[in-house]
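# Tertiary structure, described
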2 protein chains.
Amino acid sequence: MTIQVVFTPAGLAKDEVAGRGVFVIDVLRATTTMCAALHHGARSIIPVASIEEAIRMGQTLGPDDLLLTGERHGKPIPGFALGNSPLEMTEAQVRGKTLVMTTTNGTGALLSAAGAAHVYVAAAANLSAAAARARQLMADGLDLVVVCAGRHGAFGLDDAYTAGRLVVETIGDRRRLDDLDDAAVAAVDLVRRYGVRWERPLGRSAAARQLDAIGMADDVVEAAKQDRYPVLPVFAERRVQVAPLG
Amino acid sequence: MTIQVVFTPAGLAKDEVAGRGVFVIDVLRATTTMCAALHHGARSIIPVASIEEAIRMGQTLGPDDLLLTGERHGKPIPGFALGNSPLEMTEAQVRGKTLVMTTTNGTGALLSAAGAAHVYVAAAANLSAAAARARQLMADGLDLVVVCAGRHGAFGLDDAYTAGRLVVETIGDRRRLDDLDDAAVAAVDLVRRYGVRWERPLGRSAAARQLDAIGMADDVVEAAKQDRYPVLPVFAERRVQVAPLG
(Lines give C-alpha, C1' and ligand atoms only; values in the text may rest on other atoms or scores of the structure.)
Protein backbone atom coordinates (compact mmCIF):
# COMPACT_ATOMS: atom_id res chain seq x y z
CA MET A 1 0.00 0.00 0.00
CA THR A 2 1.28 3.45 -0.88
CA ILE A 3 0.89 6.97 0.47
CA GLN A 4 0.99 9.87 -1.94
CA VAL A 5 0.97 13.53 -0.88
CA VAL A 6 -0.09 16.35 -3.17
CA PHE A 7 0.95 19.82 -2.05
CA THR A 8 -1.80 21.54 -4.00
CA PRO A 9 -5.02 20.18 -5.47
CA ALA A 10 -4.38 22.14 -8.70
CA GLY A 11 -4.30 19.59 -11.46
CA LEU A 12 -5.31 16.67 -9.24
CA ALA A 13 -6.86 14.22 -11.68
CA LYS A 14 -9.88 12.03 -11.01
CA ASP A 15 -7.85 8.88 -11.60
CA GLU A 16 -5.35 9.91 -8.94
CA VAL A 17 -8.01 9.63 -6.26
CA ALA A 18 -10.35 6.98 -7.72
CA GLY A 19 -10.47 3.91 -5.51
CA ARG A 20 -8.24 5.49 -2.89
CA GLY A 21 -8.59 6.84 0.62
CA VAL A 22 -8.13 10.60 0.60
CA PHE A 23 -7.38 12.92 3.51
CA VAL A 24 -7.83 16.64 2.84
CA ILE A 25 -5.84 19.13 4.90
CA ASP A 26 -6.31 22.87 5.23
CA VAL A 27 -5.07 23.31 8.77
CA LEU A 28 -5.25 27.13 8.57
CA ARG A 29 -8.17 26.99 8.76
CA ALA A 30 -10.97 25.23 6.89
CA THR A 31 -10.40 21.64 8.02
CA THR A 32 -9.68 22.71 11.59
CA THR A 33 -12.90 24.72 11.55
CA MET A 34 -14.87 21.75 10.19
CA CYS A 35 -13.57 19.58 13.04
CA ALA A 36 -14.54 22.25 15.56
CA ALA A 37 -18.05 22.59 14.14
CA LEU A 38 -18.74 18.86 14.03
CA HIS A 39 -17.20 18.32 17.46
CA HIS A 40 -19.60 20.92 18.81
CA GLY A 41 -22.63 19.26 17.31
CA ALA A 42 -23.11 20.67 13.84
CA ARG A 43 -25.17 18.17 11.86
CA SER A 44 -23.25 18.52 8.64
CA ILE A 45 -21.20 20.88 6.50
CA ILE A 46 -21.84 21.41 2.80
CA PRO A 47 -18.69 22.71 1.11
CA VAL A 48 -19.31 24.83 -1.97
CA ALA A 49 -16.94 26.56 -4.37
CA SER A 50 -18.38 30.05 -4.52
CA ILE A 51 -20.23 32.65 -2.49
CA GLU A 52 -23.01 32.60 -5.09
CA GLU A 53 -23.40 28.85 -4.73
CA ALA A 54 -23.53 29.16 -0.95
CA ILE A 55 -26.32 31.72 -1.18
CA ARG A 56 -28.21 29.63 -3.73
CA MET A 57 -27.81 26.52 -1.59
CA GLY A 58 -29.09 28.47 1.38
CA GLN A 59 -32.20 29.50 -0.57
CA THR A 60 -32.79 25.94 -1.79
CA LEU A 61 -32.47 24.35 1.62
CA GLY A 62 -34.43 27.07 3.39
CA PRO A 63 -33.38 29.05 6.43
CA ASP A 64 -34.18 26.47 9.11
CA ASP A 65 -31.10 25.39 11.00
CA LEU A 66 -28.87 26.58 8.20
CA LEU A 67 -25.79 28.76 8.59
CA LEU A 68 -23.75 30.30 5.80
CA THR A 69 -20.05 30.30 6.74
CA GLY A 70 -16.71 30.98 5.14
CA GLU A 71 -14.16 33.60 4.21
CA ARG A 72 -12.50 35.51 1.42
CA HIS A 73 -9.00 36.92 2.00
CA GLY A 74 -9.31 35.40 5.47
CA LYS A 75 -12.19 37.66 6.42
CA PRO A 76 -15.87 36.84 7.04
CA ILE A 77 -18.19 37.22 4.05
CA PRO A 78 -20.74 40.05 4.39
CA GLY A 79 -24.19 38.63 5.12
CA PHE A 80 -22.88 35.24 6.21
CA ALA A 81 -23.65 34.04 9.74
CA LEU A 82 -20.13 32.88 10.54
CA GLY A 83 -16.60 33.23 9.21
CA ASN A 84 -13.95 30.53 9.00
CA SER A 85 -12.60 30.59 12.55
CA PRO A 86 -12.64 27.42 14.67
CA LEU A 87 -13.25 29.69 17.65
CA GLU A 88 -16.59 30.78 16.20
CA MET A 89 -17.87 27.21 16.01
CA THR A 90 -19.21 27.10 19.56
CA GLU A 91 -21.88 24.67 20.64
CA ALA A 92 -24.31 27.58 21.06
CA GLN A 93 -23.77 28.60 17.46
CA VAL A 94 -23.66 25.30 15.60
CA ARG A 95 -25.39 22.47 17.50
CA GLY A 96 -27.96 20.82 15.21
CA LYS A 97 -27.16 23.19 12.37
CA THR A 98 -26.15 22.54 8.78
CA LEU A 99 -23.32 24.77 7.66
CA VAL A 100 -22.87 25.81 4.03
CA MET A 101 -19.20 26.71 3.80
CA THR A 102 -17.04 28.37 1.17
CA THR A 103 -13.37 29.19 1.76
CA THR A 104 -10.48 30.29 -0.44
CA ASN A 105 -8.55 27.03 -0.53
CA GLY A 106 -10.04 24.35 1.73
CA THR A 107 -13.46 23.77 0.25
CA GLY A 108 -11.98 23.57 -3.25
CA ALA A 109 -9.49 20.94 -2.11
CA LEU A 110 -12.34 18.88 -0.67
CA LEU A 111 -14.36 19.14 -3.87
CA SER A 112 -11.31 18.11 -5.93
CA ALA A 113 -11.24 14.81 -4.02
CA ALA A 114 -14.78 13.84 -4.95
CA GLY A 115 -14.67 10.47 -6.68
CA ALA A 116 -12.31 8.85 -4.20
CA ALA A 117 -13.35 5.70 -2.34
CA HIS A 118 -13.35 7.68 0.90
CA VAL A 119 -12.67 11.35 1.62
CA TYR A 120 -11.81 12.46 5.15
CA VAL A 121 -11.01 15.82 6.66
CA ALA A 122 -7.76 16.12 8.61
CA ALA A 123 -5.99 18.73 10.71
CA ALA A 124 -3.89 18.89 13.86
CA ALA A 125 -7.23 19.07 15.67
CA ASN A 126 -8.09 15.47 14.75
CA LEU A 127 -4.70 14.00 13.88
CA SER A 128 -5.04 10.83 15.95
CA ALA A 129 -8.53 10.08 14.65
CA ALA A 130 -7.44 10.64 11.05
CA ALA A 131 -4.32 8.50 11.44
CA ALA A 132 -6.31 5.68 13.04
CA ARG A 133 -8.63 5.62 10.03
CA ALA A 134 -5.67 5.85 7.64
CA ARG A 135 -4.07 2.79 9.25
CA GLN A 136 -7.36 0.94 8.98
CA LEU A 137 -7.75 1.80 5.28
CA MET A 138 -4.21 0.62 4.54
CA ALA A 139 -4.88 -2.59 6.43
CA ASP A 140 -7.93 -2.99 4.20
CA GLY A 141 -5.69 -2.71 1.14
CA LEU A 142 -6.31 0.89 0.07
CA ASP A 143 -3.73 3.32 -1.21
CA LEU A 144 -3.88 6.75 0.39
CA VAL A 145 -3.64 10.26 -1.03
CA VAL A 146 -3.12 13.21 1.30
CA VAL A 147 -4.34 16.38 -0.40
CA CYS A 148 -3.00 19.66 0.93
CA ALA A 149 -5.19 22.66 0.17
CA GLY A 150 -2.12 24.87 -0.10
CA ARG A 151 -2.44 28.52 -0.81
CA HIS A 152 -3.89 29.94 -4.02
CA GLY A 153 -2.71 26.88 -5.92
CA ALA A 154 0.77 26.93 -4.40
CA PHE A 155 2.62 25.05 -1.66
CA GLY A 156 1.67 25.84 1.96
CA LEU A 157 4.14 24.99 4.73
CA ASP A 158 1.37 24.56 7.30
CA ASP A 159 -0.48 21.92 5.29
CA ALA A 160 2.70 20.16 4.15
CA TYR A 161 3.90 19.76 7.75
CA THR A 162 0.47 18.49 8.80
CA ALA A 163 0.57 15.99 5.92
CA GLY A 164 3.94 14.81 7.18
CA ARG A 165 2.56 14.36 10.69
CA LEU A 166 -0.34 12.33 9.31
CA VAL A 167 2.03 10.11 7.32
CA VAL A 168 4.29 9.55 10.33
CA GLU A 169 1.33 8.78 12.61
CA THR A 170 -0.03 6.39 10.02
CA ILE A 171 3.01 4.32 9.14
CA GLY A 172 5.15 4.81 12.24
CA ASP A 173 8.49 3.11 11.84
CA ARG A 174 7.34 0.90 8.98
CA ARG A 175 8.54 3.47 6.51
CA ARG A 176 9.55 1.91 3.23
CA LEU A 177 10.68 4.38 0.65
CA ASP A 178 8.90 2.54 -2.14
CA ASP A 179 5.58 3.11 -0.37
CA LEU A 180 5.94 6.91 -0.39
CA ASP A 181 6.11 9.30 -3.29
CA ASP A 182 8.63 12.16 -3.28
CA ALA A 183 6.15 14.60 -1.76
CA ALA A 184 5.39 12.20 1.10
CA VAL A 185 9.12 11.78 1.71
CA ALA A 186 9.57 15.55 1.80
CA ALA A 187 6.56 15.99 4.10
CA VAL A 188 8.10 13.50 6.52
CA ASP A 189 11.40 15.36 6.17
CA LEU A 190 9.61 18.50 7.39
CA VAL A 191 8.51 16.59 10.49
CA ARG A 192 12.10 15.50 11.09
CA ARG A 193 13.15 19.13 10.69
CA TYR A 194 10.53 20.72 12.97
CA GLY A 195 9.80 17.91 15.41
CA VAL A 196 6.39 17.36 16.96
CA ARG A 197 5.56 20.86 18.12
CA TRP A 198 3.06 22.46 15.76
CA GLU A 199 3.69 26.11 16.61
CA ARG A 200 6.84 26.66 14.57
CA PRO A 201 5.93 25.09 11.21
CA LEU A 202 2.42 26.52 11.36
CA GLY A 203 3.59 29.91 12.59
CA ARG A 204 6.21 30.29 9.85
CA SER A 205 3.69 29.70 7.08
CA ALA A 206 2.41 32.52 4.91
CA ALA A 207 -1.13 31.56 5.96
CA ALA A 208 -0.30 32.19 9.62
CA ARG A 209 1.39 35.47 8.84
CA GLN A 210 -1.67 36.60 6.90
CA LEU A 211 -3.96 35.67 9.80
CA ASP A 212 -1.66 37.53 12.14
CA ALA A 213 -1.85 40.59 9.89
CA ILE A 214 -5.66 40.65 10.02
CA GLY A 215 -5.80 40.17 13.78
CA MET A 216 -6.64 36.47 13.82
CA ALA A 217 -3.49 35.07 15.39
CA ASP A 218 -5.65 33.27 17.98
CA ASP A 219 -6.85 30.97 15.21
CA VAL A 220 -3.29 29.82 14.59
CA VAL A 221 -2.88 29.02 18.27
CA GLU A 222 -6.14 27.09 18.21
CA ALA A 223 -5.28 25.18 15.02
CA ALA A 224 -1.97 24.11 16.55
CA LYS A 225 -3.66 22.18 19.39
CA GLN A 226 -3.30 18.50 18.54
CA ASP A 227 -6.45 16.42 18.97
CA ARG A 228 -8.38 19.43 20.21
CA TYR A 229 -11.48 18.33 18.25
CA PRO A 230 -11.16 14.53 18.07
CA VAL A 231 -13.74 13.79 15.41
CA LEU A 232 -13.35 12.09 12.05
CA PRO A 233 -15.27 14.07 9.42
CA VAL A 234 -16.08 12.20 6.23
CA PHE A 235 -17.13 13.84 2.94
CA ALA A 236 -19.78 11.91 1.02
CA GLU A 237 -22.92 12.80 -0.91
CA ARG A 238 -21.78 16.44 -0.96
CA ARG A 239 -21.78 16.66 2.86
CA VAL A 240 -19.14 16.52 5.56
CA GLN A 241 -20.40 14.64 8.61
CA VAL A 242 -18.95 12.74 11.53
CA ALA A 243 -17.92 9.34 10.17
CA PRO A 244 -19.71 6.30 11.55
CA LEU A 245 -17.50 4.24 13.84
CA GLY A 246 -15.66 1.25 12.42
CA MET B 1 13.87 41.23 -2.96
CA THR B 2 12.07 37.93 -2.68
CA ILE B 3 12.73 34.34 -3.68
CA GLN B 4 9.83 32.14 -4.66
CA VAL B 5 10.12 28.40 -5.37
CA VAL B 6 7.58 26.47 -7.42
CA PHE B 7 7.77 22.71 -7.08
CA THR B 8 6.13 22.07 -10.42
CA PRO B 9 5.64 24.34 -13.42
CA ALA B 10 2.04 23.15 -13.80
CA GLY B 11 -0.12 26.22 -13.56
CA LEU B 12 2.79 28.65 -13.47
CA ALA B 13 1.28 31.88 -14.77
CA LYS B 14 3.00 34.38 -17.03
CA ASP B 15 2.62 37.13 -14.44
CA GLU B 16 4.45 35.02 -11.86
CA VAL B 17 7.63 35.16 -13.92
CA ALA B 18 7.24 38.48 -15.75
CA GLY B 19 10.01 40.90 -14.80
CA ARG B 20 11.74 38.33 -12.61
CA GLY B 21 14.89 36.27 -12.71
CA VAL B 22 14.02 32.60 -13.17
CA PHE B 23 16.20 29.57 -12.53
CA VAL B 24 14.91 26.28 -13.95
CA ILE B 25 15.98 23.02 -12.30
CA ASP B 26 15.66 19.47 -13.60
CA VAL B 27 18.70 17.98 -11.94
CA LEU B 28 17.78 14.42 -13.04
CA ARG B 29 18.61 15.06 -15.78
CA ALA B 30 17.75 17.74 -18.35
CA THR B 31 19.42 20.78 -16.78
CA THR B 32 22.48 18.76 -15.77
CA THR B 33 22.72 17.49 -19.34
CA MET B 34 22.41 21.02 -20.75
CA CYS B 35 25.29 22.15 -18.53
CA ALA B 36 27.38 19.19 -19.68
CA ALA B 37 26.69 19.90 -23.36
CA LEU B 38 27.47 23.61 -23.16
CA HIS B 39 30.53 23.02 -21.01
CA HIS B 40 31.81 20.67 -23.70
CA GLY B 41 31.35 23.20 -26.46
CA ALA B 42 27.82 22.76 -27.81
CA ARG B 43 26.87 26.03 -29.52
CA SER B 44 23.31 26.08 -28.27
CA ILE B 45 20.36 23.95 -27.20
CA ILE B 46 16.85 24.47 -28.53
CA PRO B 47 14.30 23.03 -26.08
CA VAL B 48 11.06 21.85 -27.67
CA ALA B 49 7.94 20.34 -26.19
CA SER B 50 7.40 17.32 -28.42
CA ILE B 51 9.21 14.72 -30.49
CA GLU B 52 7.31 15.92 -33.53
CA GLU B 53 8.47 19.49 -32.98
CA ALA B 54 12.07 18.33 -32.57
CA ILE B 55 11.91 16.47 -35.88
CA ARG B 56 10.27 19.44 -37.63
CA MET B 57 12.87 21.81 -36.16
CA GLY B 58 15.59 19.48 -37.38
CA GLN B 59 14.18 19.57 -40.90
CA THR B 60 13.84 23.36 -40.82
CA LEU B 61 17.36 24.01 -39.60
CA GLY B 62 18.91 21.38 -41.82
CA PRO B 63 21.20 18.54 -40.80
CA ASP B 64 24.44 20.52 -40.55
CA ASP B 65 25.84 20.49 -37.04
CA LEU B 66 22.45 19.60 -35.63
CA LEU B 67 21.75 16.84 -33.13
CA LEU B 68 18.33 15.66 -31.97
CA THR B 69 18.48 14.72 -28.29
CA GLY B 70 16.12 13.80 -25.49
CA GLU B 71 14.18 11.03 -23.80
CA ARG B 72 10.79 9.57 -23.13
CA HIS B 73 10.33 7.41 -20.02
CA GLY B 74 14.01 8.09 -19.38
CA LYS B 75 15.08 6.29 -22.52
CA PRO B 76 16.60 7.63 -25.77
CA ILE B 77 14.15 8.42 -28.55
CA PRO B 78 14.42 6.13 -31.62
CA GLY B 79 16.14 7.97 -34.46
CA PHE B 80 17.58 10.69 -32.23
CA ALA B 81 21.35 11.13 -32.13
CA LEU B 82 21.61 11.36 -28.35
CA GLY B 83 19.53 10.68 -25.27
CA ASN B 84 19.33 12.79 -22.11
CA SER B 85 22.43 11.61 -20.27
CA PRO B 86 25.09 14.12 -19.22
CA LEU B 87 27.64 11.37 -19.88
CA GLU B 88 26.73 11.33 -23.57
CA MET B 89 27.53 15.02 -23.97
CA THR B 90 31.23 14.54 -24.66
CA GLU B 91 33.29 17.10 -26.49
CA ALA B 92 33.62 14.71 -29.43
CA GLN B 93 29.86 14.50 -29.73
CA VAL B 94 28.71 18.05 -29.13
CA ARG B 95 31.44 20.63 -29.84
CA GLY B 96 30.14 23.24 -32.27
CA LYS B 97 26.77 21.51 -32.52
CA THR B 98 23.26 22.81 -31.99
CA LEU B 99 21.12 20.40 -29.96
CA VAL B 100 17.36 20.19 -30.35
CA MET B 101 16.20 18.67 -27.07
CA THR B 102 12.90 17.31 -25.82
CA THR B 103 12.54 15.68 -22.41
CA THR B 104 9.61 14.60 -20.26
CA ASN B 105 9.78 17.34 -17.65
CA GLY B 106 12.78 19.63 -18.07
CA THR B 107 12.17 21.21 -21.45
CA GLY B 108 8.55 21.95 -20.54
CA ALA B 109 9.66 23.69 -17.36
CA LEU B 110 12.03 25.86 -19.36
CA LEU B 111 9.34 26.76 -21.88
CA SER B 112 6.95 27.65 -19.04
CA ALA B 113 9.40 30.30 -17.88
CA ALA B 114 9.46 32.16 -21.19
CA GLY B 115 8.45 35.75 -20.57
CA ALA B 116 10.66 36.24 -17.52
CA ALA B 117 13.27 39.00 -17.46
CA HIS B 118 15.99 36.33 -17.43
CA VAL B 119 15.80 32.53 -17.53
CA TYR B 120 18.78 30.47 -16.42
CA VAL B 121 19.40 26.74 -16.20
CA ALA B 122 20.53 25.37 -12.85
CA ALA B 123 21.65 22.04 -11.42
CA ALA B 124 24.20 20.72 -8.95
CA ALA B 125 26.59 20.78 -11.90
CA ASN B 126 26.61 24.59 -12.02
CA LEU B 127 25.35 25.54 -8.56
CA SER B 128 28.03 28.13 -7.81
CA ALA B 129 27.67 29.83 -11.19
CA ALA B 130 23.88 29.94 -10.86
CA ALA B 131 24.03 31.28 -7.30
CA ALA B 132 26.54 33.96 -8.28
CA ARG B 133 24.15 35.18 -10.96
CA ALA B 134 21.20 34.96 -8.57
CA ARG B 135 23.00 37.18 -6.05
CA GLN B 136 23.80 39.64 -8.80
CA LEU B 137 20.18 39.78 -9.96
CA MET B 138 18.97 40.42 -6.41
CA ALA B 139 21.57 43.14 -5.99
CA ASP B 140 20.13 44.65 -9.17
CA GLY B 141 16.68 44.66 -7.57
CA LEU B 142 15.07 41.63 -9.20
CA ASP B 143 12.83 39.11 -7.50
CA LEU B 144 13.70 35.49 -8.21
CA VAL B 145 11.60 32.45 -9.05
CA VAL B 146 13.14 28.98 -8.87
CA VAL B 147 11.13 26.62 -11.07
CA CYS B 148 11.48 22.91 -10.34
CA ALA B 149 10.61 20.67 -13.28
CA GLY B 150 9.28 18.04 -10.90
CA ARG B 151 7.93 14.81 -12.20
CA HIS B 152 4.87 14.50 -14.42
CA GLY B 153 3.41 17.63 -12.86
CA ALA B 154 4.15 16.53 -9.31
CA PHE B 155 6.75 17.30 -6.66
CA GLY B 156 10.26 15.89 -7.16
CA LEU B 157 12.57 15.54 -4.15
CA ASP B 158 15.70 15.89 -6.30
CA ASP B 159 14.67 19.23 -7.77
CA ALA B 160 13.28 20.56 -4.49
CA TYR B 161 16.53 19.84 -2.66
CA THR B 162 18.51 21.47 -5.48
CA ALA B 163 16.23 24.52 -5.26
CA GLY B 164 16.96 24.68 -1.54
CA ARG B 165 20.70 24.54 -2.20
CA LEU B 166 20.40 27.37 -4.72
CA VAL B 167 18.42 29.49 -2.24
CA VAL B 168 20.95 28.86 0.54
CA GLU B 169 23.91 29.62 -1.74
CA THR B 170 22.17 32.78 -2.90
CA ILE B 171 21.11 34.38 0.36
CA GLY B 172 23.55 32.76 2.79
CA ASP B 173 22.79 33.78 6.33
CA ARG B 174 20.74 36.77 5.33
CA ARG B 175 17.59 34.69 5.47
CA ARG B 176 14.55 36.78 6.27
CA LEU B 177 11.35 34.83 6.35
CA ASP B 178 9.43 37.61 4.63
CA ASP B 179 11.70 37.28 1.60
CA LEU B 180 10.85 33.61 1.04
CA ASP B 181 7.56 31.99 0.16
CA ASP B 182 6.47 28.78 1.90
CA ALA B 183 7.98 26.57 -0.81
CA ALA B 184 11.35 28.32 -0.52
CA VAL B 185 11.23 27.85 3.27
CA ALA B 186 10.48 24.14 2.81
CA ALA B 187 13.24 23.77 0.20
CA VAL B 188 15.72 25.28 2.65
CA ASP B 189 14.32 22.94 5.30
CA LEU B 190 15.25 20.02 3.05
CA VAL B 191 18.83 21.31 2.95
CA ARG B 192 18.85 21.51 6.74
CA ARG B 193 17.55 17.95 6.83
CA TYR B 194 19.96 16.40 4.31
CA GLY B 195 23.02 18.63 4.67
CA VAL B 196 25.31 19.45 1.78
CA ARG B 197 25.90 15.99 0.34
CA TRP B 198 23.86 15.52 -2.81
CA GLU B 199 23.81 11.72 -2.95
CA ARG B 200 21.10 11.07 -0.39
CA PRO B 201 18.37 13.54 -1.42
CA LEU B 202 18.97 12.84 -5.10
CA GLY B 203 19.23 9.08 -4.60
CA ARG B 204 15.98 8.88 -2.61
CA SER B 205 13.98 10.60 -5.33
CA ALA B 206 11.61 8.68 -7.57
CA ALA B 207 13.55 10.04 -10.58
CA ALA B 208 16.76 8.39 -9.34
CA ARG B 209 15.00 5.14 -8.62
CA GLN B 210 13.56 5.11 -12.12
CA LEU B 211 17.00 5.75 -13.64
CA ASP B 212 18.39 2.97 -11.49
CA ALA B 213 15.67 0.64 -12.76
CA ILE B 214 16.58 1.29 -16.41
CA GLY B 215 20.31 0.88 -15.82
CA MET B 216 21.26 4.55 -15.75
CA ALA B 217 22.38 4.90 -12.15
CA ASP B 218 25.67 6.42 -13.38
CA ASP B 219 23.72 9.49 -14.43
CA VAL B 220 22.60 10.04 -10.84
CA VAL B 221 26.22 9.84 -9.67
CA GLU B 222 27.21 12.32 -12.36
CA ALA B 223 24.36 14.73 -11.59
CA ALA B 224 25.35 14.74 -7.91
CA LYS B 225 28.79 16.24 -8.62
CA GLN B 226 28.64 19.86 -7.55
CA ASP B 227 30.12 22.37 -10.00
CA ARG B 228 31.11 19.58 -12.37
CA TYR B 229 30.11 21.70 -15.39
CA PRO B 230 30.60 25.29 -14.22
CA VAL B 231 28.75 27.14 -16.95
CA LEU B 232 25.78 29.47 -16.71
CA PRO B 233 23.27 28.59 -19.44
CA VAL B 234 20.75 31.29 -20.28
CA PHE B 235 17.51 30.72 -22.20
CA ALA B 236 16.61 33.52 -24.60
CA GLU B 237 15.24 33.75 -28.13
CA ARG B 238 14.24 30.08 -27.91
CA ARG B 239 17.84 28.94 -27.34
CA VAL B 240 19.89 27.94 -24.34
CA GLN B 241 23.45 29.23 -24.61
CA VAL B 242 26.32 30.07 -22.30
CA ALA B 243 25.49 33.42 -20.73
CA PRO B 244 27.78 36.34 -21.50
CA LEU B 245 29.93 37.32 -18.53
CA GLY B 246 28.75 40.14 -16.24
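Residues numbered from 1 in each chain as written. Chains lettered and ligands numbered in written order. Predicted model: local features only at pLDDT ≥ 70, side-chain atom pairs only at ≥ 80, totals over all residues. Heavy atoms only, no water.

Let us look at the environment of A:Thr162. All names here are of chain A. Mapping Thr162 onto the fold places it in helix 7 (residues 157-171). Residues Thr162 and Trp198, 36 residues apart in the sequence, show an inter-C-alpha distance of 8.4 Å. Those residues in contact with Thr162, other than ones at most four positions away along the chain, are Ile25, Val27, Ala123, Ala124, Trp198 and Leu202. (Helix = DSSP H or I, 4+ residues; strand = E, 2+ residues; numbered from the N terminus. Contact = heavy atoms within 4.5 Å.)

Residue and element names in this part refer to chain B. Inspection of every chain in the model, using the stated rule, returns 16 salt bridges over all chains. A salt bridge links Arg95 to Glu91; its shortest N-O distance comes to 2.6 Å. The exposure class of Arg95 is partly exposed, given its relative accessible area of 48%. By relative accessible area, which is 41% here, Glu91 ends up partly exposed. Of the charged contacts in the structure, one is a salt bridge between Lys225 and Glu222, with a shortest N-O distance of 3.1 Å. Its relative accessible area of 35% is what places Lys225 among the partly exposed residues. A relative accessible area of 3% places Glu222 in the buried class. (Salt bridge = Lys/Arg side-chain N within 4 Å of Asp/Glu carboxyl O. Buried < 20%, exposed > 50% of the residue type's maximum accessible area, 1.4 Å probe, protein only.)

A word on the side chain of A:Asp159. Residues and elements named next belong to chain A. Turning to its location among the elements, Asp159 is positioned in helix 7. Despite its burial, Asp159 remains without a salt bridge, the nearest opposite charge being carried by Arg151 at 8.7 Å. A polar side-chain atom of Asp159 sits 3.0 Å from the main-chain amide nitrogen of Gly150. Ignoring any residue separated from it by four or fewer positions in sequence, one finds Asp159 in contact with Ile25, Asp26, Val27, Leu28, Cys148, Ala149 and Gly150. (Lys, Arg positive; Asp, Glu negative; His and termini not counted. Polar contact = N/O pair within 3.5 Å; in protein donor to acceptor, adjacent residues only side chain to side chain.)

Take the interface of chain B and chain A next. The interface of chain B with chain A comprises 22 residues on the first partner and 22 residues on the second. With both sides pooled, the region where chain B packs onto chain A buries about 1,800 Å², and carbon together with sulfur makes up 54% of that total. Between chain B and chain A we count four salt bridges in total. Here B:Asp189 and A:Arg193 are joined by a salt bridge, their closest N and O atoms 2.7 Å apart. Listed by contribution, the elements that provide at least two residues to the side of chain B that touches chain A are helix 7 (157-171), helix 8 (182-194) and helix 10 (206-213) of chain B. In terms of residues, the side of chain B that touches chain A owes the most to one element, helix 8 of chain B, which gives nine residues. Within the side of chain B that touches chain A, the residues separate by chemical class into eleven nonpolar, two polar and nine charged. (Buried area = accessible area lost by both parts, 1.4 Å probe. Nonpolar A, V, L, I, M, F, W, Y, C, P; charged D, E, K, R; others polar.)

Now for the side chain of A:Glu222. Within the secondary structure layout, A:Glu222 lies in helix 11 (residues 217-223). Within the structure, the side chain of A:Glu222 is placed 2.8 Å from the side chain of A:Arg228, a separation counted as a polar contact.

Our focus in this paragraph is the pairing of strand 3 (residues 44-47) of chain A. All names here are of chain A. Neither face of strand 3 is open: one carries Ser44 and Ile46, the other Ile45 and Pro47, and all of them are buried. Note that strand 3 and strand 6 (residues 98-102) share four bridges and pair parallel. Paired with Ile45 across the strands is Leu99, a residue of strand 6. (Pairing = 2+ DSSP bridges.)

So, on to the confidence of the model for chain A. Across chain A, the average pLDDT comes to 94, with 98% of residues at or above 70. Here the complex is predicted with pTM 0.94, and the ipTM for its interfaces comes to 0.91. (pLDDT = per-residue confidence, 0-100.)

For the rest of this paragraph, the subject is the state of the cysteines. A full pass over the atoms with the stated rule returns zero disulfides over all chains. With no disulfide of its own, A:Cys35 lies 15 Å from the sulfur of A:Cys148, the closest cysteine sulfur. (Disulfide = S-S within 2.5 Å.)

Now for the environment of A:Trp198. All names here are of chain A. Relative to the assigned elements, Trp198 resides in the loop between helix 8 (182-194) and helix 9 (199-204). Residues Trp198 and Ala224 lie 26 residues apart in sequence; the distance between their C-alpha atoms is 5.4 Å. Trp198 has contacts with Ala124, Leu127, Tyr161, Thr162, Arg165, Gly203, Ala224 and Gln226, leaving out every residue within four places of it along the chain.

Residues and elements named next belong to chain B. The geometry of helix 7 relative to helix 8 is characterised by a closest axis approach of 7 Å and an angle of 95 degrees between their N-to-C directions. On the basis of the axis angle, helix 7 is roughly perpendicular to helix 8. The residues of helix 8 that touch helix 7, namely those facing Leu157, Ala160, Tyr161, Ala163, Gly164, Arg165, Val167 and Val168, are Ala187, Val188, Leu190, Val191 and Tyr194. Partitioned by chemical class, the residues of the contact of helix 7 with helix 8 number eleven nonpolar, one polar and one charged. (Axes fitted to C-alpha atoms, helices over the stretch in contact; angles between N-to-C directions. Parallel < 35°, antiparallel > 145°, perpendicular 65-115°, else oblique.)

Looking now at unusual backbone geometry. Residues and elements named next belong to chain A. The amide bond that connects Leu28 to the next residue, Arg29, takes the cis arrangement and shows omega of 10 degrees. One non-glycine residue, His73, lies in the positive phi region at around 55 degrees. Note on placement: His73 falls in the loop between strand 4 (66-72) and strand 5 (75-76). The phi dihedral of His152 falls on the positive side, at around 50 degrees, and the residue is not glycine. Inspection of the secondary structure assignment puts His152 in the loop between strand 8 (144-148) and helix 7. Residue His152 is classed as exposed on the basis of its relative accessible area of 59%.

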